[in-house]
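Results of the structural survey
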Amino acid sequence: MKMAGNQNFNNIRLENTGDYLQIQAQNVKDDVGEKLKSKVFKDNKLQKEKNNFLDADIIGDTYEDNLTDINNSKQKIKKIPNIDNQDLLEKQSYLMVYPKKVSKDLNRTINTLGFVENTIPEDSNYKNIDNEIAQIDEKLESLNDEINRLSNEYQDVIKDLSYNLNYEQSASDYQNSMAFGDKYFYFSALVPESDLKNIKGLEDKYSDTKIVKKDIMVEDKKKKPKKNDNKQNNRNEESYLLVYPEKVKKDVSRSINTLGFIDNEIPEDIDIKNIDREYASVNAELNNINLEINELDKQYKDVMNNIAYSLDYAQKAEDLKSNMAQGDKYFYLSGWVPESEVDKFKSLENKYEDTVLSTKKVEETSEAPPTRLKNNSLFKPFEFLVNMYGAPNYDEVDPTPFFAITYLLLYGLMFGDLGQGLVFIAIGLWLSKKNKVFGGLIKRIGISASFFGLMYGSFFGREDLIPALLIKPFDNIMTVLIASVAFGVGLMVISYLIGVYNKVSKQHNIEEGIFGKEGLAGLMMMLSFIIIVLNIVNISPIPMPVGLILLIASIVMMVFKQPIARKLEGKKRLYDQSKGDYYVESSFSIIEALLSVFSNLVSFTRVGAFAINHVGLYMAFEVMAKLAGGGIIGFIILILGNALIIGLEGMIVFIQGLRLEFYEMFSKYYEGNGRLFRPIGRKKINN
């Protein structure tokens, strides 16, 4: 069907319910059609809106005409006969065919949707159903024809529907802004002088409407104030002298007006010399005040310097009280004190009355004591890296000195360059002013890189500027790789020995210290593995049988470590679990130990690989500089290449060194499951 400007609709139903017409549309194909859905016109509503707008004194003169059109259209709509569509509202039946196995699920679904199950009548005839469908289609077609007729007949009403509704909404918004009493609305607004005549004309057009005009005088800001006006100024107000070019006068005036400033003329009786004298007087007064402050600072210097201490101490005292057990008269607090501070701590008993101190040795307590790290200034920054893995417990050696030495060696071997090492030293010196820990680390790895740069004869990647004192990695690749593995073997042997000492001497655990895969048995397995490999390549000074004996002995020690260790310790219980489970687990641990030994040794080849890669990476930038034609562009490429090597490769080598320390070496001798000793002390104040 066609209606309202030839927009297409289908499935439209009209219901005449007496004093209004309801239009419902589905499958709307145009924006105009969307406005036709569910719109209601009521006589009483239109009359109410009409009265409201007639009493308002601000509505334009087009509303009366539009209202007349709407009333005329309503009279036409009222004449529309009722459309009996009861047949369309009757219930509809559906035939559903489905497998028996989904009967329950389908019944639950159709019940939820509000369907009522009906059985098919025995006298049902499919031809009758087709006839009924045809009859319904004829009725729908006749209804659509009637809708088309009505749409064409009242096309003007439908076309103006959106405009009138929008006008009604705008008027309603104005109404919400009005003050109103029993009979009248009141509305005020600013009107340009050019529109005053039009506004006054509304008073004659609408009855019971009164329009009052009030002129507003705009103050001329250019008018000079009288001389006596300055005497009336509030003492709290401040005056500012603005000096600006003439060409920005408008912009400055607009800005100061926005900020609420008021223009004042400079009084004629003001003398510049008087201003200078007042300025000098104020400065002299300020100097006297500063002198008094300095005198007070000298007089109470001790108090001022101790304010930070006192505040910090007071805060910590409050924190301690919250952790104390307390009775009616006493507080009770327990904590850890270093052995070197015990005598000093005991003297507090005599210093403070009603104070009782008692001490116990570590062996007499059930709680594991904290760890206090004591390292010299050379190794101190490396405590940060060790604590990243975990603080050492009370029953193991502090790994910081060994870690610091080996880490510096590993970093220098992988990043040996004199020039780039000096850059690291410079960065470390600058960074130490902001962070002593990071600055100290960067300085130390810079020194290591510079030292090995001399050994390699490398200066900012160039190997032809200074002679090599030891070896040139890029010219001796195989030698460098073999040397890196040999260096790794040495570090691993030391790591195993430290682990044996920790477990046997400090922790009294011979089961892991002697027979464990990270103990003496693990060391024997690693040495046997090396001897066997060297014999295979015919370069071993130790015969093959020795390696095989060590391997077999280490395997036996690992498999039977628990019963042997328990026998030596005189314990009756030889196994923590069933024998079968224990030996199955021990057998798999042998495979794990062999793989661990192999991977640990191979991992150290990265030390030589990075030493070679360091030179090769610079050579790549050197080739790029030559391809660019050298000169300034080539020089810039070399500078950028060195910056990339320092930043990117320097960081990668830093991480690779940590990996070798944490995963290859710490796993042999360091647990890192302790907690640091954090004393309650004063803050250090930098004067």
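Nothing here was measured: the structure is a model prediction, and the numbers come from that model.

Check the secondary structure of the chain and you find 27 helices and 8 strands. Relative to its 687 residues, the chain shows a buried fraction of 28%. Counting contacts in the chain only where the partners sit at least 6 residues apart, residues at least 24 apart contribute 65% of the total. On the chain, roughly 48,500 Å² of surface is accessible, and the fraction owed to carbon and sulfur atoms is 56%.

A contiguous nonpolar patch, built from Tyr94, Met96, Tyr98, Val102, Leu113 and Phe115 and spanning about 600 Å² of accessible area, is present on the exposed surface. With respect to the helices, strands and loops of the structure, tyrosine 98 is situated in the loop between helix H4 (86-89) and helix H5 (103-112). Given the relative accessible area of 32%, tyrosine 98 is considered partly exposed.

Here the focus is the packing of helix H23 (residues 544-559) against helix H25 (residues 579-603). Between H23 and H25, the shortest axis-to-axis distance is 9 Å and the interhelical angle comes to 140°. Overall, the two elements H23 and H25 adopt an arrangement that is oblique. The interaxial crossing formed by H23 with H25 has right-handed handedness. Residues Leu551, Ile555, Met558 and Val559 of H23 lie in contact with H25, whose contacting residues are Tyr582, Tyr583, Ser586, Ile590, Ala593 and Leu594.

What follows is about the packing of aromatic side chains. Applying the stated rule across the entire model yields 26 aromatic pairs. When the ring of phenylalanine 382 is compared with that of tyrosine 407, the centres are 6.4 Å apart and the planes differ by 65°; the resulting orientation is edge-to-face. In this pair, phenylalanine 382 sits in the loop between helix H15 (348-351) and helix H16 (383-389) while tyrosine 407 sits in helix H17 (residues 400-414), placing the two residues 25 residues apart along the sequence. Across the pair, tyrosine 407 and phenylalanine 382 agree in class, each one buried. When the ring of tyrosine 407 is compared with that of tyrosine 411, the centres are 6.4 Å apart and the planes differ by 40°; the resulting orientation is tilted. Here tyrosine 411 and tyrosine 407 lie together in helix H17, a separation of 4 residues that amounts to about one turn. Residue tyrosine 407 is classed as buried on the basis of its relative accessible area, which comes to 1%.

Turning to unusual backbone geometry, a few remarks are in order. In this structure, phenylalanine 460 is a non-glycine residue whose phi angle is positive, near 50°. Along the chain, the position of phenylalanine 460 falls in the loop between helix H19 (436-456) and helix H20 (477-506). A positive phi is found at asparagine 538, a non-glycine position, where the angle reads about 60°. Position of asparagine 538 among the secondary structure elements: in the loop between helix H22 (520-536) and H23.

Mapped onto the secondary structure, glutamate 649 falls in helix H27 (residues 631-669). Here glutamate 649 sits buried without a salt bridge, and the closest side chain of opposite charge, arginine 606, lies 13 Å off (N-O distance). Apart from residues no more than four positions distant in its own chain, glutamate 649 is found in contact with Met414, Phe415, Phe610, Asn613, His614, Leu617 and Leu644.

On to the packing of H17 against helix H26 (residues 605-627). Helix-helix packing: each pair is described by the crossing angle between the helix axes and the interaxial distance. Where H17 meets H26, the closest approach of the two axes is 7 Å, and the angle between their N-to-C directions is 40°. Between H17 and H26, the angle falls in the class oblique. Residues Leu410, Leu413 and Met414 of H17 pack against Arg606, Val607, Phe610, Ala611 and His614 of H26. For the contact of H17 with H26, the residue count by class is 6 nonpolar, 1 polar and 1 charged.

Two side chains bearing opposite charge may form a pair once their charged atoms approach each other closely. A complete count under the given rule lists 12 salt bridges for this structure. Glutamate 146 is the salt-bridge partner of arginine 149, the closest N and O atoms lying 2.3 Å from each other. Of this pair, arginine 149 and glutamate 146 both sit in helix H6 (residues 126-153), separated by 3 residues, roughly a single helical turn. Judged by its relative accessible area of 40%, arginine 149 falls in the partly exposed class. Taking the shortest distance from any N to any O, the salt bridge between arginine 462 and aspartate 464 comes out at 3.0 Å. On the basis of relative accessible area, aspartate 464 is assigned to the exposed category, the value being 55%. By sharing partners, the salt bridges in this structure join Glu146, Arg149 and Glu153 into a single network.

Our next topic: the side chain of glutamate 664. Looking at the secondary structure, you find glutamate 664 in helix H27. Among the residues examined, glutamate 664 registers a relative accessible area of 3% and is labelled buried. Setting aside residues no more than four positions away along its own chain, glutamate 664 makes contact with Met492, Ser599, Asn600, Ser603, Phe604 and Arg659.

Turning our attention to H26. With 23 residues, H26 ought to run about 33 Å at 1.5 Å a step, and its terminal C-alpha atoms sit 33 Å apart, in line with that. Considered for burial, the residues of H26 that qualify are Val607, Gly608, Phe610, Ala611, Ile612, His614, Val615, Tyr618, Phe621 and Ala625. On its buried side, H26 packs onto H17, helix H18 (418-431), H19, H20 and H27. The positive-phi residue at the C-terminal boundary of H26 is glycine 629, with phi of around 95°.

Another point: the confidence of the model for the chain. Chain-level pLDDT for the chain is 77 on average; 74% of the residues reach the 70-or-more range. A low-confidence stretch, residues 1-67 (pLDDT under 50), is modelled with 132 contacts involving residues beyond four sequence positions or located in other chains. Overall, residues 76-89 carries pLDDT values under 50, and its contacts beyond four positions in sequence, including any with other chains, amount to 21 contacts.

Bringing the nonpolar core into the picture now. Within the largest apolar cluster, 55 residues are counted, with the highest numbers of intra-cluster contacts made by Phe382, Phe403, Met526 and Phe604. Not counting chain neighbours up to four residues away, the residues in contact with phenylalanine 604 comprise Leu410, Ser484, Val485, Gly488, Leu491, Met492, Leu660, Glu664 and Met665. Phe452, Tyr456, Val480 and Ile612 belong to the second largest nonpolar core, which has 6 residues in total.

On the surface, Asp137, Glu138, Glu141 and Asp145 cluster together to form a negatively charged patch. Residue position: glutamate 138 is located in helix H6. Its relative accessible area of 55% is what places glutamate 138 among the exposed residues.

Cut-off values and rules
- Residues numbered from 1 in each chain as written.
- Predicted model: local features only at pLDDT ≥ 70, side-chain atom pairs only at ≥ 80, totals over all residues.
- Heavy atoms only, no water.
- Helix = DSSP H or I, 4+ residues; strand = E, 2+ residues; numbered from the N terminus.
- Buried < 20%, exposed > 50% of the residue type's maximum accessible area, 1.4 Å probe, protein only.
- Contact = heavy atoms within 4.5 Å.
- Areas by Shrake-Rupley, 256 points an atom, 1.4 Å probe, with all protein chains shown as cover.
- Patch = residues over 30% accessible without salt bridge, like charges linked within 9 Å, V, L, I, M, F, W, Y side chains within 5 Å.
- Salt bridge = Lys/Arg side-chain N within 4 Å of Asp/Glu carboxyl O.
- Axes fitted to C-alpha atoms, helices over the stretch in contact; angles between N-to-C directions.
- Parallel < 35°, antiparallel > 145°, perpendicular 65-115°, else oblique.
- Left-handed = near helix turned anticlockwise from the far one by under 90°.
- Phe/Tyr/Trp six-rings, centres within 6.5 Å; stacked < 30°, edge-to-face > 60°.
- Lys, Arg positive; Asp, Glu negative; His and termini not counted.
- Nonpolar A, V, L, I, M, F, W, Y, C, P; charged D, E, K, R; others polar.
- Expected span 1.5 Å × (residues − 1).
- pLDDT = per-residue confidence, 0-100.
- Core = buried A, V, L, I, M, F, W, Y, C linked by side-chain atoms within 4.5 Å.
- Charge placed at Lys NZ, Arg CZ, Asp CG, Glu CD.

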